[in-house]
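Here's the letter readout for the chains.
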Amino acid sequence: MGTNMRALDLSPGRLAMILCLLVFFGVFLIYPLIYMTANAFIVNGKFTTEFFRLMITDPTQWNTILNSVNLGLAVTLVTTIISLPMAAVMARHEFRGKALLNGLVLVPMVLPPFVGAVGMRQMFARFGSVNLWLLDLGLIDQPIDWLGGGMLGVVIMEVLHLYPIMFLNVTAALANVDPSLEEAARGVGAGRVSLFRRITFPLMLPGYFAGAVIVFIWAFTDLGTPLVFEYRQVVPVQIFDMLSDVHENPMGYALVVLMLVMTLVFFGLARNFMSGHAMMSRGHVTGASSPLSRPATIATHVAFLGITILALIPHFSVILTSIADRWYMTPLPSLYTSKYYAMVFDHELTTTSIRNSLGLSAISTALDVVIGIWIAYLLTRTRIPGRQVLDSLAMLPLAVPGIIIAFGYVGTFSGTFLDARNNPVPLLIIAYAVRRLPYMVRAAYAGFQQTSVSLEEAAQNVGASPARSIRRITIPLIFANLVAGGILCFSFAMLEVSDSLILAFEQRYYPITKAIYNLMTRPDGPFIASAMGVIGMALLMAGLLIAGRVLGRRMGELFRA
Amino acid sequence: MTSITIDSVLKSFGDVRAVNKVSVSIEAGELFFLLGPSGCGKTTLLRLLAGFYTPESGRILFDDSDVSNTPPHKRNTGMVFQNYALWPHMTVSQNLAFGLEMHKIPGDQRDERVRRALESVRLDMLAERYPNQLSGGQQQRVALARALVLEPGVVLLDEPLSNLDARLRLDMRHEIKRIHTETGITMVYVTHDQDEALSMADRIAVMRDGVIEQIGSPHELYDAPANRFVAQFMGETNLIEGKVVSGDDPIVVETDLGMFNVASRKTTAEIGDSVYCSIRPEKIACIENTTAAQNTVAGKIEEVFFLGDHEQYRVVSASGEVLRVSNRDSRGRVKGTDILLGFGPDDAVVLHGN
């Protein structure tokens, strides 16, 4: 033995690590996908494409798919229109308060659209605040059906939540366009418009496309928002509704496969697109930004603040709802109270769910930290075969929506000791962990890469085993990265929607999000739900702030494709 | 004190044989240099000694025990890294104590040994500083102290002075040499700087393309290089192409500059061989008259370089050959002067053509 093993960088310890990881991904990521695909095509032991044909021939199914595609396209389009000018100003100009505005853009992300929707319903209902205001002012004499048809509300809600993601990606794409290429175009006589159309836009297109894919897929697969707006004719809600009879009706599997294929194709395209172009246009990006005139600075501030205020309307409505005692036929509540916060803390459903969420998120975060360190170590410090596979597996959850993972778990593990109907705790933990693992791997990977290998070698040289030198030298040095990654994992796990809604069947296992969803059916439900939403929002905001402190400018990188 | 035996060690990266069946014996207590241009395999060889690489074939012995497959943390070597690799989250004394802790040395002894090691590099007053609060030279000393505190059998130094400025580098040469003398530890020192090697080494191995070209004392390498590469790498030299016309002592070489008599030493040149005569610039004298005892070349000074303690001339001979000449006496010659150059048979070396 020896020679071959050593050439491949395989020690028994590393071999064990990589095997553990492959088994984990195999069981909890790949197998559920295969299982669902198989069930979509093989019914009663026979191969069939019947359910895919039904998607087209059955008008209801076809309509559902069209709705979802339209929803995705609409959200992508509107976020683009909002983000492109914002990003252009940010990436190419210097002005007072730039850092502040940059931070402000991220604020809307601290609220899952699902919770914001609860507040929105209160504000924009037929006799909600906005209509009452307008009626009072005499601007309208009939209440407007803002959320009419349902789709509009969902689009607004998702746009307000997702434009920061689009903004981050477009800004990055613009920043990666070497300004000297633009200068060269100016040099040969290109005007402003043709410069953007012929040079800048084509060069930033790969980066933009990547952002657009994230936004489209997010909107296409979002379960919580349409559910709250009771806009049920979209694919995710259909899948959710088919959960109960999944063993009789394989249509749910077929829809999941459709969704999976679409997301994987789109992400694959984005990735190829990126790798083809990105290297070429990525030069040394220095000193590209020009100062902005005073009026332009003011205009920029007004625009950014305006959009942020719009984006915060759901947040305000949630806060308002949570403290409204009497709110009937008046624009603002006529009486305020803190009783819903008190109810959050002595209502059994809510206290249990907060406890559940804290526990589940903590354990899944711990799992992410351990797995993240392992993977980052194997990727950066060894040359063992299968590294690329591991890398792809760790990043795959970015492309697999939560609803697919959760649905797959229900089907795959039903009747096993992991069955979510008996006790969803293990699967909830694993689902949370798998979903947020990419953030953790990226954070740890960056840390390992920034830490010189010779520091570990020096430790080994004075007698520390490889494992020990990682533990005593590298991990303390990259602790900030790990903490930041961990906080992100934890915060997102706390407000994870689709897996929580799907996997938690019994009330005593409800996480926060499922409890909020459940409360919606009670008369005072929206108020308590909003109070919980505010608490969740505060938690997520604190988490993001701390993570942002620790990670500094690198924060944005975690949300890019 | 540990002796090292490297026995036809092979290590390749992809298709490149970074260390190609190298054999060397390093004696206990020696200050041994691995010298060569970048990419010659010297650092790879050092890392093989530290255990960061394992040889594909061949063996490495520390004294009589085969350590070829011993992992780094069980090798008992102390390494000084090129970038020092001080742990930034530990103070100077914690950097030193870490290895002692790994070796389970009890606390009170630990403190004592850290103190002594820091004293030996004269840094005892900086024990509680963090590495980023130290100057480059101080960091270098900490790295050295960390390598020494475990009292290893072998100390490995990987271009330890390359990150220091010229002045500090000279000071640190003395420092390392002093520590070597005081401790008597076997040291293997990698560098690409031939001045460093010549001034410090007990013996030097000159490497190129994964093989050792020559091993010897600084004197041997400088005065009797084994081939053109070594002659050129160890300081400046003039290489004059020629053919052997008489094989006895002295060897007579016919060149474009005339017939040269060269002491044969151990050269195995036979009549008809194509060879090079290597003559160091400082071995060439500026003379007044032709003498029978010397080889002479007439030429014209084309350029004068003033270097403080000496001058260097670029002399072009009648046949168009260029010679570099260092002159310490009778300075002040100017460009364009005709000059007569002379060197004795012992001042030149015959090297084979390849």
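Before reading on, note that the structure itself is shown above.
Chemist: Give me the overall build of chain A: which residues, what numbers.
Modeler: Looking only at helices and strands, chain A has 25 helices and six strands in total. Against the globule reference of 24 Å for 561 residues, chain A gives a C-alpha radius of gyration of 25 Å, in line with a compact fold. Summarising its shape, the C-alpha atoms of chain A cover approximately 85 × 70 × 50 Å along the three principal directions. Out of the 561 residues belonging to chain A, those deemed buried represent 54%. Across chain A, contacts joining residues at least 24 apart in sequence account for 78% of those joining residues at least 6 apart. Entry remark: accessible area of chain A is about 24000 Å², with carbon and sulfur atoms responsible for 65%. Distance between charge centroids for chain A: 10 Å, based on 37 positive and 29 negative side chains.

Chemist: Let's hear about the interface of chain A and chain B: which residues, and what values?
Modeler: Listed as interface residues are 20 residues of chain A and, on the opposing side, 26 residues of chain B. Of the roughly 2000 Å² buried between chain A and chain B, counting both surfaces, carbon and sulfur atoms make up 59%. When the buried area of chain A at its contact with chain B is split by residue, Asn461(A), Val462(A) and Arg472(A) rank highest and sum to 31% of it. Note that Glu457(A) and Arg47(B) form a salt bridge whose closest N and O atoms lie 2.4 Å from each other. Along the contact surface separating chain A from chain B lie nine residue pairs in polar contact (both at pLDDT 80 or more). Of all the secondary structure elements, the ones that give two or more residues to the side of chain A that touches chain B are helix 1 (3–7), helix 20 (453–461) and helix 21 (466–477) of chain A.

Chemist: Talk me through the pairing of strand 12 (residues 251–255) of chain B; I want residue IDs and the actual numbers.
Modeler: All names here are of chain B. Among the five residues of strand 12, four are classified as buried, and the element is accordingly described as predominantly covered. In this sheet, strand 12 lies alongside strand 11 (residues 238–246) in antiparallel orientation, the contact comprising four bridges. Following the sheet pairing, Ser246 is matched in strand 12 by Val252. Taking the residues between adjacent antiparallel strands as the criterion, strand 11 and strand 12 are bridged by four residues. Bridging between strand 12 and strand 13 (residues 258–262) involves five bridges; their strand directions are antiparallel.

Chemist: Provide a residue-level description of the side chain of Ser83(A), including the pertinent values.
Modeler: Residue and element names in this part refer to chain A. For Ser83, the position within the fold is in helix 4 (residues 59–92). Residue Ser83 is classed as buried on the basis of its relative accessible area, which comes to 0%. Side-chain polar atoms of Ser83 contact the backbone oxygen of Thr79, separated by 2.7 Å. Among the polar contacts made by the side chain of Ser83, one reaches the main-chain carbonyl oxygen of Tyr163 at a distance of 3.3 Å.

Chemist: Describe the nonpolar core, with residues and values.
Modeler: The biggest cluster of nonpolar side chains holds 166 residues, and the ones touching the most others in it are Phe25(A), Ile375(A), Ile404(A), Tyr409(A) and Leu503(A). Setting aside anything within four residues of it in sequence, one finds Phe25(A) in contact with Ile30(A), Ile375(A), Leu390(A), Leu393(A), Ala394(A) and Leu437(A). Counting 85 residues, the second largest nonpolar core, distinct from the first, contains Ile105(B), Val149(B), Ile179(B) and Val206(B).

Chemist: Please provide a residue-by-residue account of helix 24 (residues 512–519) of chain A, values included.
Modeler: Across the eight residues of helix 24 of chain A, six count as buried, placing the element largely inside the fold. Within helix 24 of chain A the residues assigned to the buried category are Ile512(A), Thr513(A), Lys514(A), Ala515(A), Ile516(A) and Leu519(A).

Chemist: Describe in detail the environment of Ser361(A), supporting the description with residues and values.
Modeler: Residue and element names in this part refer to chain A. Secondary-structure assignment places Ser361 in helix 16 (residues 348–381). Along the backbone, Ser361 and Phe492 are 131 residues apart, and their C-alpha atoms lie at a distance of 8.4 Å. Setting aside anything within four residues of it in sequence, one finds Ser361 in contact with Tyr432, Phe490, Ala493 and Met494.

Chemist: Outline the sheet that holds strand 5 (residues 65–66) of chain B, supporting the account with residue identities and numerical values.
Modeler: What holds strands together in a sheet is hydrogen bonding between their backbones, with the strands either parallel or antiparallel. All names here are of chain B. Read from one edge to the other, the open sheet built from four strands follows the order 2-1-4-5, with strand pairing classed as antiparallel. The open sheet has two free edges, formed respectively by strand 2 (16–26) and strand 5, since each of these has just one partner strand. Relative to strand 2, strand 1 (residues 4–13) runs antiparallel, the two sharing seven bridges. Looking at strand 2, one finds that Lys11 is bridged to Val19.

Chemist: Lay out the environment of Gly211(A) with the relevant residues and their values.
Modeler: All names here are of chain A. Within the fold, Gly211 resides in helix 10 (residues 192–221). A sequence separation of 43 residues divides Gly211 from Leu168, and the C-alpha atoms of the two residues are 8.0 Å apart. Here Gly211 is in contact with Met166 and Asn169, once residues within four sequence places are set aside.

Chemist: Provide a residue-level description of the pairing of strand 11 of chain B, including the pertinent values.
Modeler: Here strand 11 of chain B pairs with strand 14 (residues 274–279) of chain B via six bridges, running antiparallel. When the sheet's bridge partners are listed, Leu239(B) is paired in strand 14 of chain B with Ser278(B).

Chemist: I'd love a proper account of the pattern of salt bridges, names of residues and values included.
Modeler: Residues and elements named next belong to chain B. The full count for this structure, using the stated rule, is 25 salt bridges over all chains. One salt bridge in this structure joins Glu175 and Arg141, with 3.3 Å as the shortest N-O distance. In this pair, Glu175 is assigned in helix 5 (residues 166–183) and Arg141 in helix 4 (residues 136–148), connecting sequence segments 34 residues apart. Each member of the pair, Glu175 as well as Arg141, carries the same accessibility label: buried. One salt bridge connects Arg314 with Glu302, and the closest N-O pair in it is separated by 3.1 Å. Of this pair, Arg314 sits in strand 17 (residues 311–317) while Glu302 sits in strand 16 (residues 295–306); the two residues are 12 residues apart in sequence, bridging distant segments of the chain. According to the relative accessible area criterion, Arg314 is partly exposed, its value standing at 32%. Residue class for Glu302 comes out partly exposed when judged on its relative accessible area of 39%.

Calculation criteria
- Residues numbered from 1 in each chain as written.
- Chains lettered and ligands numbered in written order.
- Predicted model: local features only at pLDDT ≥ 70, side-chain atom pairs only at ≥ 80, totals over all residues.
- Heavy atoms only, no water.
- Helix = DSSP H or I, 4+ residues; strand = E, 2+ residues; numbered from the N terminus.
- Rg over C-alpha atoms; globule rule 2.2 N^0.38 Å.
- Buried < 20%, exposed > 50% of the residue type's maximum accessible area, 1.4 Å probe, protein only.
- Contact = heavy atoms within 4.5 Å.
- Areas by Shrake-Rupley, 256 points an atom, 1.4 Å probe, with all protein chains shown as cover.
- Lys, Arg positive; Asp, Glu negative; His and termini not counted.
- Charge placed at Lys NZ, Arg CZ, Asp CG, Glu CD.
- Buried area = accessible area lost by both parts, 1.4 Å probe.
- Salt bridge = Lys/Arg side-chain N within 4 Å of Asp/Glu carboxyl O.
- Polar contact = N/O pair within 3.5 Å; in protein donor to acceptor, adjacent residues only side chain to side chain.
- Pairing = 2+ DSSP bridges.
- Core = buried A, V, L, I, M, F, W, Y, C linked by side-chain atoms within 4.5 Å.

Function cannot be read off these values alone, since they describe shape.
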